[in-house]
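Residues per chain, in single letters:
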Amino acid sequence: MRLGRTPQTAEVDPEFAQLIAGLYYAFEDNLERCARLTRLYHDGASASELREEALAGAKRIAYVERVTFEAMAHVIDIRSLPPGVLPMGVHSALARLAYALTALAEADPEPEALLSQDDIHGLAHQYEIEDWVTHLREHNPDLKAAR
Amino acid sequence: MNELRREMLDSSDAPAELSPDLRFLASRQASLAALMLDHAEHYKVLYTAARESGITEEIQTAALDAAGNLGTLLQSLRSREDLQIALAHAPGYTPTPMLAVDQLFFSFTLLAGVGRDSLDQLDAALGLEGVDELFRSQRVRDWLHGLGELAPGE
């Protein structure tokens, strides 16, 4: 996918489909990471123990979200995407994980920037992306087998 | 909590006649608008320094702090997205352009986490023109005008 190319739909652009898969993996991986690191933080883990992994998770979300934003702004006509392919709530849920992970990478995180365990596990429901998550999970045999 | 974040999260200067929910929203939106304007310039300085002289610990520390500032306000606002949805069609109300502000947050995060010997990872972050483009977006301009952060015609 190149900026400036003729707009394509996700159905005919496998590279955009890869981006959507990247968003999904970033969500799955960082949901677990954020829950685990938040638990460690509340159990008294030091900032130095959490920083590297928290920042790596936040950076991964940042990367895939930035690439997707630029694709949606310049390459893909998002109005032409089939319903449910990329719900807007995905971006909100990923952003909230990234805010929390960035906070966990800091020495003195602001409590309002963190997510509770209930918040984390409720993200898919809150942002109405349960069907999206379930669909992509079912299309990944490795993940399906691992659960 | 650092002094800046304490001020950002203080709602005491919001109009007293508003309900607690609206005071919260007005205060957070005003803080975010001011922070976005300030941090956009801050980002340009850090990004330029990283591109010209390479990533340093000072740049990464400053970028993480800035990402933390934005993330704190964005998390707080997103925790009450129900309020923004309820007000979406209210006269005179301009929703916070969360996706646009997120781009600045994500770019600071990339700057904070980029490897010292892999500056190409910064290619996904906003460049200087990308930051200016955010502020040319009608949605961002309307929001900043609505909060009094841009003069009419600016």
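Note that the structure is predicted; figures quoted are calculated from it, not measured. (Residues numbered from 1 in each chain as written. Chains lettered and ligands numbered in written order. Predicted model: local features only at pLDDT ≥ 70, side-chain atom pairs only at ≥ 80, totals over all residues.)

1. Some details on the overall build of chain A
What counts is decided by this rule: Secondary structure follows DSSP: runs of H or I at least 4 residues long count as helices, runs of E at least 2 residues long count as strands, and numbering of each begins at the N terminus. Three exposure classes are used, based on other C-beta atoms lying within 10 Å of a residue's own C-beta, which is placed from the backbone: buried for 20 or more, exposed for 12 or fewer, and partly exposed in between. Working definition of a contact: two residues with C-beta atoms, positioned from the backbone, lying within 7 Å.
Of regular secondary structure, chain A possesses seven helices and zero strands. Taken across its 147 residues, chain A has 38% of its residues classed as buried. For chain A, restricting intrachain contacts to residue pairs at least 6 apart in sequence, the fraction spanning at least 24 positions comes to 78%.

2. Section: the overall build of chain B
Stated formally: The globule rule is 2.2 Å times the number of residues to the power 0.38, and the radius of gyration it is compared with is taken over C-alpha atoms.
Broken down by element type, chain B carries seven helices and zero strands. For chain B, the α and β elements follow one another from N to C terminus as α-α-α-α-α-α-α. The C-alpha atoms of chain B give a radius of gyration of 16 Å, which matches the 15 Å a tight globule of 154 residues would have. Its C-alpha atoms give chain B principal-axis dimensions of roughly 55 × 35 × 25 Å.

3. Quick notes on the interface of chain B and chain A
Selection rule: Gly is placed with the polar residues, together with every amino acid not listed as nonpolar (Ala, Val, Leu, Ile, Met, Phe, Trp, Tyr, Cys and Pro) or charged (Asp, Glu, Lys and Arg).
Between chain B and chain A, the residue contacts involve 23 residues of the former and 24 residues of the latter. For the side of chain B that touches chain A, the secondary-structure elements that each account for two or more residues are helix H3 (57–78) and helix H5 (98–113) of chain B. In terms of residue class, the side of chain B that touches chain A is built from 11 nonpolar, nine polar and three charged.

4. Observations concerning the confidence of the model for chain A
Selection criterion: Each residue carries a pLDDT score, the predictor's own confidence in it, on a scale running from 0 to 100.
Scored by pLDDT, chain A comes out at a mean of 87, with 86% of its residues at no less than 70. Note that residues 2–10 of chain A has pLDDT below 50 and, in this model, 18 contacts with residues that lie over four places away or in other chains.

5. Looking at helix H3 (residues 89–104) of chain A
Note the threshold: Given the number of residues in a helix, its expected span is that number minus one, multiplied by 1.5 Å.
For H3(A), with 16 residues, the first-to-last C-alpha span of 23 Å sits near the 22 Å given by 1.5 Å per residue. Among the 16 residues in H3(A), 15 count as buried, and that is most of the element.

6. Concerning the packing of helix H1 (residues 14–42) of chain A against helix H2 (residues 47–74) of chain A
Residues and elements named next belong to chain A. What counts here: Helix axes are fitted only over the stretch in contact, all axes being lines through C-alpha atoms; the angle between N-to-C directions runs from 0 to 180 degrees. Here the word oblique covers every angle except those under 35 degrees (roughly parallel), over 145 (roughly antiparallel) and from 65 to 115 (roughly perpendicular). Should the near helix be turned counterclockwise from the far one by less than a right angle, the crossing is left-handed, whereas a clockwise turn marks it as right-handed.
Across the interface, H1 lies against H2 with an axial gap of 9 Å and an inter-helix angle of 155°. For the element pair H1 / H2, the angle class is roughly antiparallel. By crossing handedness, the relation of H1 to H2 is classed as left-handed. Side by side, H1 and H2 meet where Phe-16, Leu-19, Gly-22, Leu-23, Ala-26, Asn-30, Arg-33, Cys-34, Leu-37, Leu-40 and Tyr-41 of the first sit next to Leu-50, Glu-53, Ala-54, Gly-57, Arg-60, Ile-61, Val-64, Val-67, Thr-68 and Ala-71 of the second. Tallied by class, residues from the contact of H1 with H2 come to 14 nonpolar, four polar and three charged.

7. Digging into the confidence of the model for chain B
When pLDDT is low, close inspection of the predicted coordinates is not appropriate. Taken as a whole, chain B shows an average pLDDT of 90; of its residues, 97% reach a score of 70 or greater. Here the predicted complex carries an ipTM of 0.92, next to a pTM of 0.90.

8. Some remarks on the environment of B:Glu58
Assignment of secondary structure puts B:Glu58 in helix H3. Sequence separation between B:Glu58 and B:Gly146 is 88 residues; the distance between their C-alpha atoms is 35 Å.

9. Some points on the nonpolar core
One broad rule of soluble globular proteins: the nonpolar side chains tend to lie buried together. Our working definition: Each nonpolar core consists of buried Ala, Val, Leu, Ile, Met, Phe, Trp, Tyr and Cys residues. Their C-beta atoms, within 7 Å, join them into a set.
Residues A:Leu94, A:Ala100, B:Leu70 and B:Phe108 are the most contacted members of the largest nonpolar core, which totals 71 residues. For this core, the elements supplying multiple residues, two or more each, are H1, H2, H3 and helix H6 (130–138) of chain A together with helix H2 (20–53), H3, H5 and helix H7 (138–146) of chain B. Tallying contributions element by element places H3(A) first for this core, with 11 residues. Beyond its immediate chain neighbours, meaning those up to four positions away, B:Leu70 contacts B:Leu35, B:His39, B:Val101, B:Leu104, B:Phe105 and B:Phe108.

10. Some points on the environment of B:Phe108
All names here are of chain B. Checked against the element boundaries, Phe-108 lands in helix H5. Residue class for Phe-108 comes out buried when judged on the 29 C-beta atoms lying within 10 Å of it. C-alpha of Phe-108 to C-alpha of Leu-64: the two residues are 44 residues apart in sequence and 6.7 Å apart in space. With near-sequence residues (within four places) excluded, Phe-108 lies in contact with Tyr-43, Ala-63, Ala-66, Ala-67 and Leu-70.

11. So, the packing of H2(B) against H3(B)
Residue and element names in this part refer to chain B. For the pair H2 and H3, the least separation of the axes is 10 Å and the interaxial angle reads 160°. By the criterion of interaxial angle, the relationship of H2 to H3 is roughly antiparallel. Where H2 crosses over H3, the handedness of that crossing is left-handed. Residues Arg-28, Ser-31, Leu-32, Leu-35, His-39, His-42, Tyr-43, Leu-46, Ala-49 and Ala-50 of H2 form the contact with H3, whose participating residues are Ile-59, Ala-62, Ala-63, Ala-66, Asn-69, Leu-70, Leu-73, Ser-76 and Leu-77. Split into classes, the residues belonging to the contact of H2 with H3 amount to 13 nonpolar, five polar and one charged.

12. Brief notes about unusual backbone geometry
All names here are of chain A. The phi dihedral of Glu-128 is positive, around 55°, even though this residue is not glycine. Tracing the backbone shows Glu-128 in the loop between helix H5 (123–126) and H6. Note on Glu-128: 14 C-beta atoms within 10 Å, which makes it partly exposed.

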